[in-house]
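Topology and contacts: notes
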Amino acid sequence: MPSKKEQSVLEPRLASRRSRQARGRRLSRAALLLAACAASLFVLEALAAPGDLDTTFDMDGKVTTPVLLSGTETARGMVVQPDGKIIVVGEVDGPGGLMGVVRYNADGSLDSSFDGDGKLTVLGPANVEARASAVALQADGKIVVAGYALGNSSGNMGFVLVRLNTDGSLDASFGAGGKTSTSFGNSGDVGQAVFVQPDGKIIVTGYVHINGSGFSYQFGLARFNADGSPDSSFGTNGKVSSPTNHEGPAWAGALQPDGKIIVAGDTFAPSGFALERYLSNGALDASFGTGGRATTDFSGHPRALAVQPDGKIVAAGGGSSGGNSGFALARYNANGSPDASFGAGGVVITALMAGGSANAYAVAIQPDGKIVAAGQASPGSNNYDFALARYNADGSLDNTFGVGGKLTTAVSNAIDGAYAMAIQPDGRILAAGWADNDTGSVNYDFAVVRYVGDIKANRVSNFDTDRRTDIALWNPSNGNWRVFSSANPDALNVVNWGAGALGDRAVPADYDGDLKTDRAVWRPSDGNWYVIKSSDGAVLIRNWGQNGDVPVPGDYDLDGKTDAAVFRPTEGKWYILSSRDQSVTARQWGDGSDVPVPADYDGDGATDLAVFRPSDGNWHIITSHDRFARLFNWGTSSDRPVPADYDGDGRTDIAVFRPAEGAWYIRLWTGSVIVKNWGNNTDTLAPADYDGDGATDIAVWRAAEGNWYIIQSATNTARLAHFSEHGIPVAAAYLPQ
């Protein structure tokens, strides 16, 4: 644990004296002035709307990188590391075919800790020419690059895997010198997608060309053990090819949470999208479509796949229907049938440029259920631009993104396009592909563009949806919720709900999914949750839990609504009632001495199970995106856990407050440490995003003075807010004090 403490910008007075300012039920004039300043800062920040270029990324939101000094280079895959660094892989021509790998820092600069200059090229096994198509991260940080060989000693192409250590060096413990491959014995085996299973096994999907049959292909899958050897429990010698020949190749794959594998590609019988789903042993899943295969009959070509948390499957590519052409999206139910609630009969066609053409090559699902597709678009000339579109869950365009839900970005003066996409935990959207280097010859460089996304909504003490935490208190003695809206700080809103005399606990959260905090209490004596829904004022009552439980509400099922949940110390067990379908999850995690600290530590939008163990200072976390158990040592037995997203990257940081020192110790996911003196051992800890910049502000409430002392993260300046009332800060409802 760090011992050196950083000096704060303004240390709150530790002496508890009564303020000379008026004690009415309103904010002080000084606080109003500071609130107005904060509001003006918020307005400036808010000028960057979803879909705008992110100017914190290489100053203009765009980066181009020549991997070599000449040749055609096209980025095909991308992944974001937990520390925010960005890995991009693709094809490099010259000399011959190479697998190119580039790592960027979060600001778009090349990461010099990666192979010395942030970029490298790799040949395939036995030093054959190869190209990279996709990349995935292992839980230990190692980098798995998948692609295909351009020709081995037998003249056959094959699936190729390369594993790199975190510094870019080849991992000698994998395959032969960090490389492995497999061939289906044909002249054109091309690996297109890669996934790492929770058990460490690696899946590659792609297509297999049928020798002597012209344009005829089979979908191909291969699975490798963690050491790079073929997994003999999958198909035949670790390989599976579909029993059906297709007129077009398979371009995309996806791994479901239950271990099933989906592959998508072209078909001309009928013309359109074709999907196949396989069981974890490589057999076709007969419960999907017809005999494991589902098709959508329209003029389209799928290039990307994504699986929603509810099990529905989104395929994206290019296509035309009813006179419209452009991005083509099709959504399927979990059983492979078309999802009639999406677009027209499960299909959406979006023209990106009037009279032009467009194709989507990547698709991703945001935590709020919106769908983002990326690719390229042309007005009909020989110029192509990066193109993105964002859709609501029903397939309609999201008008809050770009212009009418669409945007295009010219990276060069000629031909550009996006082949890969990633949504960062903080909501920013990355697109990677290629851009003409404007030299007058046909040469392309890797290109990465970052766009502003949606800042995560604060749903614990934000009653007005302006993204800023409201100054609010709940008084158990009279049940009053008193809220000063950050949008209108001169207006006090009072609602009576709950009774401390009955043992009620404040459990404010967004239970109806409207992005506003709902006033809510949990009553241990009857196990009932009493909620006033902000969307319509209706009362929601849920019976969940028993006396002795600790309420731990959160969005565990990723549906945008808070789930009722309790931690039972006597059992060390979590009981979660899904708001999506009322299903029940019971999970052993922790013991009776642990402090539950659920939060979104991995930035996927879902609440993770987590406990802090004071006896040894350990944090035990199950990250929801990969279901991995993680252990971090941070804190001592007398510390109070204060987890929150202090750097605004979308991931909850591990943090403690040390009362004996009045110090906050914060461990960021980048590895950096913040130590800040702020407050004393009698203060109520109330960290939250008071300035609306997406990052949590360090804050305390001093009940004896009625003062809130806040360090605004946007400007690193102090703010004082005065609110003379008895109660518990709503922002501190779930923090042990």
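Just above, that's the structure.
Figured I'd write up the structure that's included with this text.

1. A closer look at the pattern of salt bridges
Evaluation of the coordinates by the stated rule reveals 33 salt bridges. For the salt bridge of Asp54 with Arg450, the shortest nitrogen-to-oxygen distance reads 2.7 Å. Placement of Asp54 in the loop between helix H1 (29–46) and strand S1 (62–65) and of Arg450 in strand S28 (residues 444–451) is noted, with a sequence separation of 396 residues between them. The pair Asp54 / Arg450 is uniform in exposure class, with both members buried. Of the charged contacts, one joins Asp266 and Arg303 as a salt bridge, the two residues approaching to 3.4 Å between their closest N and O atoms. Pair noted here: Asp266 is in strand S15 (residues 261–268) and Arg303 is in strand S18 (residues 299–307), with a separation of 37 residues, a long-range link. Taking relative accessible area as the criterion, Asp266 reaches 5% and is therefore assigned buried. The partly exposed category is assigned to Arg303, whose relative accessible area is 23%. Where salt bridges share partners, they join Asp54, Asp426, Arg428 and Arg450 into one cluster.

2. Some thoughts on the packing of aromatic side chains
Under the criterion given, the structure shown has 16 aromatic pairs. Both rings, one in Tyr207 and one in Tyr217, keep their centres 5.3 Å apart while their planes meet at 90 degrees; by these two values the pair is edge-to-face. Of this pair, Tyr207 sits in strand S11 (residues 202–209) while Tyr217 is found in strand S12 (residues 217–224), placing the two residues ten residues apart along the sequence. Take Tyr207: its relative accessible area is 13%, and that puts it in the buried class. A ring pair is formed by Trp701 and Trp708, whose centres lie 6.2 Å apart and whose planes are at 45 degrees; its orientation type is tilted. By relative accessible area, which is 3% here, Trp701 ends up buried. Ring-pair connections join several aromatic residues into one group, and the members of that group are Tyr207, Tyr217 and Trp251. Its end group placed over the ring of Phe184, Lys239 keeps NZ or CZ at 5.6 Å from the ring centre. The ring of Trp669 is capped by Arg667, whose NZ or CZ atom sits 5.6 Å from the centre of that ring.

3. Re the side chain of Asp285
Among the structural elements, Asp285 can be located in the loop between strand S16 (271–278) and strand S17 (293–297). Looking at Asp285, the relative accessible area reads 4%, which means it is buried. Those residues in contact with Asp285 that sit more than four places away from it in its chain are Lys260, Arg277, Tyr278, Leu279, Gly291 and Gly292.

4. What about the sheet that holds strand S9 (residues 179–182)?
Strands sit in the order S6-S7-S8-S9 across an open sheet of four strands; the sheet is antiparallel. The sheet is open, and its two borders are formed by strand S6 (130–137) and S9, each paired with just one other strand. The mean inter-strand angle of the sheet, taken between neighbouring strand axes irrespective of direction, is 25 degrees.

5. Re the layout of surface pockets
In this structure, the second largest pocket encloses a volume near 250 Å³. Looking at the lining of the second largest pocket residue by residue, the classes come out as three nonpolar, five polar and eight charged.

6. Some points on the nonpolar core
Ranked by size, the top nonpolar core spans 20 residues in total, and within it Phe327, Leu329, Val363, Ile371 and Tyr391 carry the most contacts. Counting only elements with at least two residues in this core, the list comes to S18, strand S19 (313–321), strand S20 (324–332), strand S22 (357–365), strand S23 (371–378) and strand S24 (385–391). It is S22 that provides the largest number of residues to this core, a total of four residues. Setting aside residues up to four positions removed in sequence, Tyr391 forms contacts with Phe327, Leu329, Val348, Thr350, Lys370, Ile371, Ala373, Ser396, Leu397 and Asp398. Formed by 19 residues, the second largest nonpolar core is a distinct cluster that contains Met99, Val101, Val122 and Val135.

What counts, and at which threshold
- Residue numbers run consecutively from 1 along every chain, following the written order of its sequence.
- Side-chain atom pairs in this predicted model are given and counted only at pLDDT of 80 or more, local residue features only at pLDDT of at least 70, and totals for whole chains, interfaces and linings cover all residues.
- Water and hydrogen atoms play no part in the side-chain values, which are based on all heavy atoms of the structure.
- The term salt bridge refers to a side-chain nitrogen of Lys or Arg lying within 4 Å of a carboxyl oxygen of Asp or Glu.
- Counting from the N terminus, the helices are the DSSP runs of H or I reaching at least four residues and the strands are the DSSP runs of E reaching at least two.
- Accessibility here uses a 1.4 Å probe with only protein chains present; expressed as a share of the type maximum, an area under 20% marks a residue as buried, one over 50% as exposed, and anything in between as partly exposed.
- Only rings of Phe, Tyr and Trp enter the pairing, Trp through its six-membered ring, and a pair is recorded when the two centres are within 6.5 Å. The plane angle decides the type: under 30 degrees is stacked, over 60 is edge-to-face, the rest tilted.
- Counted as over-ring charges are cases with an Arg CZ or a Lys NZ within 6 Å of the ring centre that also lie within 35 degrees of the ring normal.
- Contacts were defined at the residue level, with two residues in contact if any of their heavy atoms lie within 4.5 Å.
- The rule for pairing is simple: two strands pair if DSSP sees at least two bridges between them.
- Every axis corresponds to a line fitted to the C-alpha atoms, with the helix fit spanning only the stretch in contact, and the corresponding angles, defined between N-to-C directions, vary from 0 to 180 degrees.
- Method remark: on a 1 Å grid restricted to protein atoms, a set of points is classed as a cavity if a 1.4 Å probe fits but cannot get out and as a pocket if it is open with protein on both sides within 12 Å along at least five of seven lines; lining residues have an atom within 4 Å of a point.
- Grid points are joined across faces, edges and corners, and a volume is the space filled by probe spheres set on the points.
- Only Asp, Glu, Lys and Arg are considered charged in this grouping, and only Ala, Val, Leu, Ile, Met, Phe, Trp, Tyr, Cys and Pro are considered nonpolar; every other residue, Gly among them, is considered polar.
- The term nonpolar core refers to a set of buried residues drawn from Ala, Val, Leu, Ile, Met, Phe, Trp, Tyr and Cys, joined through side-chain atoms within 4.5 Å.

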